[in-house]
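# Remarks on the overall topology
If you want the building blocks of each chain, they are given just below.
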Amino acid sequence: MRRAAALTAVAVLAVSAAISGEIPLSERRSTYLDMGAETRAMQDGDTDNPGMLWVLDGEALWRTTAGKAAIACAGCHGEAETSMKGVAARYPAFDPTRGTAIDLAGRINICRTERQQAPELKRESRELLALTALIARQSRGMPIISEDERLKPAIEAGRAIFMIRQGQLDLACAQCHDDNRGSRLAGITVPQGHPTGYPLYRLEWQTLGSLQRRLRNCLIGMRAEPYTYGAPEYIALEAYLMWRARGMAMESPAVRP
Amino acid sequence: MARALINAPAKAARGAVIEIKTLVSHVMETGFRYTQTGEPVARDIVTNFTATYNGEEVFRARLYPAIAANPYLTFHTVATESGTIELKWTGDNGFEATERIRITVE
């Protein structure tokens, strides 16, 4: 019995040693820096960045009335350029009425159902991505903020998911994105996994996608079962990743290979 | 929603070579894909792009299924006189998008 307990203790120590390598703040870097010059130029130019097509759509939607309340986003919030400045940099945020963390797309849908009395927009739909992109664009260059104490439970839950091995490959997020960051996996540099640019245009997807879509991508790669879009697990992971990237500059809408 | 992003100089010296960069919003569905139930997904691509400078065609491109979504095309032309450059994309299912840019030549 004691021996089993000791073995377990050794095993726990070994595991925690293997995945204890959270990245020191000074060593964090955006994947932007690992991209080719062409892809970086694509992200930097507002007329070269395909993500801006969604931002333009978002601007139109922002002014379009919707729902039984027949009110547009602009009806309450005015110009997105001023009212949404810095908003995306502090999401997921804590929602006092629900007592949980919510992500930006979830916040938009709450506005739609409660204020506009309109049906929810489907996750990863063009409309929801467009509005998210418009809002996230207003935080470009601003530092990510994760200071709300009430987010702690979500951050801790996200950290637990990030650290635990899962899927048929028995991999934890941390094994790639903490322990082996900067190494090569086939042709690419293993990124640190900072969510600085979402929603972002992935050349592989040929479209804009959310952080949850990217997380789904990783989970499938690990042969783990992805959560459903909007699930608390995704929001917890987002909260942890934003905390992990606190202080880094927002790039939305970013471009990634 | 057909949307395009254009990058072109608003002013140019007479005889200067100018670069025009265009990006149009389009899914560029190849027609080679199938749904999960095995139904083919119909082709839906941009097939033609033309640029006319004060009515004269200065650039034309044909597009095919291998071209990525949201096609990005750049071309050069010589700034001859002030006027309008009209960019026009046409494609499957009656797709049509037109953008006009004003250029002042000094």
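Whatever comes next refers back to the structure up there.
Residues numbered from 1 in each chain as written. Chains lettered and ligands numbered in written order. Predicted model: local features only at pLDDT ≥ 70, side-chain atom pairs only at ≥ 80, totals over all residues.

Another aspect to go through is the packing of helix α8 (residues 152-163) of chain A against helix α11 (residues 232-244) of chain A. Residue and element names in this part refer to chain A. Between α8 and α11, the least distance of the axes is 7 Å, while the angle of their chain directions is 95°. Taken together, the axes of α8 and α11 lie roughly perpendicular to each other. From α8, Ala-154, Ile-155, Ala-157, Gly-158, Arg-159, Ile-161 and Phe-162 reach across to α11, where they touch Glu-233, Ile-235, Ala-236, Leu-237, Ala-239, Tyr-240, Leu-241 and Trp-243. (Axes fitted to C-alpha atoms, helices over the stretch in contact; angles between N-to-C directions. Helix = DSSP H or I, 4+ residues; strand = E, 2+ residues; numbered from the N terminus. Parallel < 35°, antiparallel > 145°, perpendicular 65-115°, else oblique. Contact = placed C-beta atoms within 7 Å.)

With that settled, the discussion passes to the interface of chain B and chain A. Taken residue by residue, the interface counts 11 residues in chain B and 9 residues in chain A. Of all the secondary structure elements, the ones that give two or more residues to the side of chain B that touches chain A are β1 (4-7) and β3 (17-24) of chain B. Top element by residues in the side of chain B that touches chain A is β1 of chain B. It accounts for 3 residues.

For the rest of this paragraph, the subject is the sheet that holds strand β4 (residues 46-53) of chain B. Taken in spatial order, the 5 strands make up an open sheet running β2-β8-β7-β4-β5 (chain B), and their pairing is mixed. With one partner strand each, in any of the chains shown, β2 (11-12) and β5 (56-62) of chain B form the two edges of the open sheet. (Pairing = 2+ DSSP bridges.)

Looking now at unusual backbone geometry. For residues that are not glycine, phi is negative in most cases, and the peptide bond is trans in most cases. At the junction of Tyr-198 of chain A and Pro-199 of chain A, the peptide bond is cis and its omega measures out at -5° in the coordinates. Looking at the secondary structure, you find Pro-199 of chain A in the loop between β4 (188-189) and β5 (200-202). Following Ser-252 of chain A, the chain continues to Pro-253 of chain A via a peptide bond in cis, the omega torsion being -10°. Within the secondary structure, Pro-253 of chain A is located in the loop between α11 and β7 (255-256). Positive phi values are uncommon outside glycine, yet Asn-93 of chain B reaches one of about 55°.

This part takes up helix α3 (residues 51-62) of chain A. Working note: α-helix, 3.6 residues per turn, so residues spaced by three or four point in the same direction. Compared with the 16 Å implied by 1.5 Å per residue over 12 residues, the 16 Å span of α3 of chain A between its first and last C-alpha is a close match. The buried fraction of α3 of chain A is high, at 9 of 12 residues. (Expected span 1.5 Å × (residues − 1). Buried ≥ 20, exposed ≤ 12 C-beta atoms within 10 Å, placed from the backbone.)

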